[in-house]
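Each chain is listed here by its residues.
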Amino acid sequence: HIQNTHQGDITNSDGYFYIASKLDSCSLNVSYIGYETVQIPFSFSNSGDTLRVIEFSPKVIRAEGITVTGNDIEFFNQPLQTDQISFSPRHIASLPKLGETDIFRSLKLLPGIQIGNIGSAGLYVRGGTPDQNLILLDGMSVYQTDHFYGFFSAINSEAIKDIQIYKGGIPVKYGGRSSSVIELTGKQGNTKKRKISIYSNLITAGLTYEEPLFEQGSLFLTYRGSYSHYYRTFLFDHIYNFLTDGEGQNSLSISNESTDYSPRLSFFDFNGKVTYMPNDQNVISFSYFSGEDEINRKYDFPTNNTIAYLDAVQDAAIWKNESGSLKWARIWNNNVYSHFLFSNSKYSSKAFHQGFYLGQSQSSTDTIKISDDNKLSDLNVRFDNEWTLNASHDIEFGYSQKRFKTHYEFQISDNPSKMKLYNAVLNSVYLQDRWKYKPVIEFVYGLRVSDFSLLDKKYFEPRISFNYLFTDFITLKGSLDKHTQFLHRFSNDFMIGGKKFVWLLSNDLLDPISSNQINLGIRYDYIDLTSEVTIFKRDFINLANFSYLQFPSDAYVVESERENENNVYFGSGSSKGIELLIQKK
């Protein structure tokens, strides 16, 4: 921002910003969470449209003996935009944690965001469910968000530069979910020197590597994995016992004190990013993310067990995330920015449950086996543009196309398998204007239009928000949003601990979820103290209830007793509340 004025801007994810001004001389203050603020003397009238490169130095907490001195430890900030929060993992290591720094569990400290029951890392934002959050990592959709029964998030905090969280007033460039947007930007790696770090705790170990490339880019790699399948620590035993003793996940209710069981749980994730900047106007980057959870358990029962003829139970599951994205960003004439993204996100899961039953003579064994296989592929192409028309108007417009492919297969013993394959294309266009009506009043309004190939209908999502600087310290904010979601998440209770999720596409029998939200808030800023009160109300339409279905494929089947009606019940819902934030920096 320009010191002693109401003029300023917020950068995009690549760090570009543009300020239109005709001041002769001023001081430009540039700040970023966890870094020292930079102050630059500047004259707009003499420089014209000038591209400047600004470098930051990290805030360092210096120690002398056992005395720790330093300035603010920052990990989140609230811009003036309605219900947007900027969150940086840089200093969240100072927050309470289990074993290691965890991004999603840290977010629950923010108002309006909750973590579910023990054994779930899903985020519940203002009454929405985890599947209603759009989670993006460098433009790639993330579908499986946790490890180890939910005790760890699937995203390694070592790989993340910052997070933008939108609870309301969501820009129209985001779509496809009905609750919130959580946009994660991956680290680019050190462009000055090579860095290697190795870390370990009671469950996981990891390695991070950073390397400058040709003095015009960087390489960043990080790996994290559990080692409990080689060596089980007491923390692992505590977590697993909690999950199976009936108080936590209760993942197998038929176990008892005399049951012998041998669990094998493991997970890993890998993040990589290559960034190349041929000049100050262009940024080219490639990002890759993969993660996997594997659970394998066997329960052996004594011959005198109370469950007749049950000899043993074995179950196993594998969840996988695998995504890649290629991005090219360019700034044209300093006030026009374009961003082209190609990404492919894949989610897959396989599971089986096997019961061994002794025959009447206890010399023969019968086996009942249940298995399923689920795959989701999300191929995305998008083109986004930002155009600073003048000091009053910032225009954003773009187009995106997502191609979904789903596969679901279910089988019981030797019976024929049930299989469903669905493909769909989602096309969206959007236009948004950020109108600075006066130095103290700003309106953001736009429209998103979507077309989903499995439904013969256009979906319109208008959104509007405002900020009014009532005094130098008090800001009034509000927004009105509409969202449409074409994906549904089915929870399959046949598999391990009910943690088996299947993603289903909307069609004529499975209507998309629609939500409307209204927000109104007041904020007070003074030096190092920020306080904010927000009230909101959100209404949902077409919430699907899968609770009494046995198989996900039944969601696409018309029930014969109810003509032209499928097996899914639909309902509506609403959430409303008041949020209070007091932040002492």
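Provided above is the structure to which this section pertains.
The rules behind each value
Residues numbered from 1 in each chain as written. Predicted model: local features only at pLDDT ≥ 70, side-chain atom pairs only at ≥ 80, totals over all residues. Heavy atoms only, no water. Helix = DSSP H or I, 4+ residues; strand = E, 2+ residues; numbered from the N terminus. Buried < 20%, exposed > 50% of the residue type's maximum accessible area, 1.4 Å probe, protein only. Contact = heavy atoms within 4.5 Å. Areas by Shrake-Rupley, 256 points an atom, 1.4 Å probe, with all protein chains shown as cover. Salt bridge = Lys/Arg side-chain N within 4 Å of Asp/Glu carboxyl O. Phe/Tyr/Trp six-rings, centres within 6.5 Å; stacked < 30°, edge-to-face > 60°. Core = buried A, V, L, I, M, F, W, Y, C linked by side-chain atoms within 4.5 Å.

Caption draft 1: Local environment of the overall build of the chain. The helix and strand tally for the chain stands at three helices and 33 strands. The buried share of the chain, reckoned over its 585 residues, is 50%. Considering only intrachain contacts with a sequence separation of at least 6, the fraction spanning at least 24 residues in the chain is 62%. For the chain, the accessible surface area stands at approximately 28,000 Å², while carbon and sulfur atoms represent 54% of it.

Caption draft 2: Structural view of unusual backbone geometry. In this structure, R126 takes a positive phi of about 50° despite not being glycine. Assignment of secondary structure puts R126 in the loop between strand 8 (123–125) and strand 9 (133–137). In this model, F214 sits at a positive phi of 55°, which is unusual for a non-glycine residue. Note that F214 resides in the loop between strand 16 (204–213) and strand 17 (217–226).

Caption draft 3: Structural detail: the environment of I318. Tracing the chain through its elements places I318 in strand 21 (residues 310–332). Given a relative accessible area of 29%, I318 falls into the partly exposed group. In sequence terms I318 and F352 are 34 residues apart; their C-alpha atoms lie 9.6 Å from each other. Setting aside its immediate chain neighbours within four residues, I318 contacts E292, D293, E294, S348, S349 and K350.

Caption draft 4: Expanded view of the pattern of salt bridges. Tallying each qualifying case throughout the model produces 18 salt bridges. Across the pair K273 and D138 runs a salt bridge, and its minimum N-O distance is 3.4 Å. Separated by 135 residues along the polypeptide, K273 in strand 19 (residues 264–279) and D138 in the loop between strand 9 and strand 10 (140–141) bring together distant segments of the chain. We note that K273, like D138, is buried. Salt-bridge contacts for E579 lead to K167; the nearest nitrogen and oxygen are separated by 3.0 Å. Taken as a pair, E579 in strand 33 (residues 569–584) and K167 in the loop between strand 13 (160–166) and strand 14 (180–186) lie far apart in primary sequence, 412 residues in all. Judged by relative accessible area, which is 1%, K167 ranks as buried. Via salt bridges that share partners, R126, K167 and E579 belong to a single interconnected network.

Caption draft 5: Just the packing of aromatic side chains, in detail. Tallying each qualifying case throughout the model produces 16 aromatic pairs. With a centroid separation of 5.2 Å and an interplanar angle of 85°, the aromatic rings of Y459 and F486 are classed as edge-to-face. Linking Y459 in strand 27 (residues 458–469) with F486 in the loop between strand 28 (474–485) and strand 29 (487–492), this pair joins segments that are 27 residues apart in sequence. Both rings, one in F473 and one in Y524, keep their centres 6.4 Å apart while their planes meet at 45°; by these two values the pair is tilted.

Caption draft 6: Seen up close, the nonpolar core. With 44 residues, the main nonpolar core has F148, F404, F452, L504 and F546 as its most contacted residues. Of all the elements, strand 30 (residues 500–505) adds the most residues to this core, at five residues. Sequence-distant contacts of L504, defined by excluding residues within four places in its chain, comprise F486, L487, H488, F490, L510, F546, P552, A555 and Y556. If you look at the next biggest cluster of nonpolar residues, it comprises 21 residues, including I85, L107, L123 and L137.

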